[in-house]
Amino acid sequence: MEIFMWWLDLHLDSKEWLRENLRAGELPLQVLQHIAEAGGPHPDNLSGGLTDADWDFIETQSEFVD
């Protein structure tokens, strides 16, 4: 599922972590769980990270006031 379909439902703490740790190689378990709960990929399917397109979205399209 594309990130724009679940980003709005993502827990604010996880959004902040992703913004502060752009293109991190590994995501904390809590962030992975929040992504799955918001409708994103399940932690088992993330292979430890997001796609380049996901990171591009986080960097350029997400708003800092959610």
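Residues numbered from 1 in each chain as written. Predicted model: local features only at pLDDT ≥ 70, side-chain atom pairs only at ≥ 80, totals over all residues. Heavy atoms only, no water.

Caption draft 1: Structural context of the nonpolar core. The biggest cluster of nonpolar side chains holds 15 residues, and the ones touching the most others in it are Trp7 and Leu18. Looking at this core, the elements that each hand over two or more residues are helix H1 (3-6), helix H3 (29-38) and helix H5 (52-60). The biggest single contributor to this core is H3, with four residues. The residues touching leucine 18, leaving out its near neighbours within four places in the chain, are Trp7, Leu10, Leu27, Val31, Leu50, Trp55 and Ile58. (Core = buried A, V, L, I, M, F, W, Y, C linked by side-chain atoms within 4.5 Å. Buried < 20%, exposed > 50% of the residue type's maximum accessible area, 1.4 Å probe, protein only. Helix = DSSP H or I, 4+ residues; strand = E, 2+ residues; numbered from the N terminus. Contact = heavy atoms within 4.5 Å.)

Caption draft 2: Region of the structure containing H3. Where H3 is concerned, the buried positions are Val31, Leu32, His34, Ile35 and Ala38. Around the axis of H3, the buried residues are gathered within 160° of arc, so they sit on the same side. Summarising the geometry of H3, the exposed residues directed more than 90 degrees from the buried face are Leu29 and Glu37. Phi turns positive, to about 110°, at glycine 39, one or two residues after H3. (Arc of directions from axis to C-beta.)

Caption draft 3: Structural view of the side chain of lysine 15. Examined against the element boundaries, lysine 15 turns out to sit in helix H2 (residues 12-20). By relative accessible area, which is 3% here, lysine 15 ends up buried.

Caption draft 4: Molecular detail of a nonpolar patch on the surface. Side chains of Met1, Phe4 and Met5 sit close together on the surface and give an oily, nonpolar patch of about 370 Å² of accessible area. Position of methionine 5 relative to the elements: it lies in helix H1. (Patch = residues over 30% accessible without salt bridge, like charges linked within 9 Å, V, L, I, M, F, W, Y side chains within 5 Å. Areas by Shrake-Rupley, 256 points an atom, 1.4 Å probe, with all protein chains shown as cover. Salt bridge = Lys/Arg side-chain N within 4 Å of Asp/Glu carboxyl O.)

Caption draft 5: Here's a closer look at the environment of alanine 53. Structurally, the position occupied by alanine 53 is in helix H5. The class of alanine 53 is exposed, set by a relative accessible area of 52%. Sequence separation of alanine 53 and glutamate 2 is 51 residues, and the distance between their C-alpha atoms is 9.1 Å.

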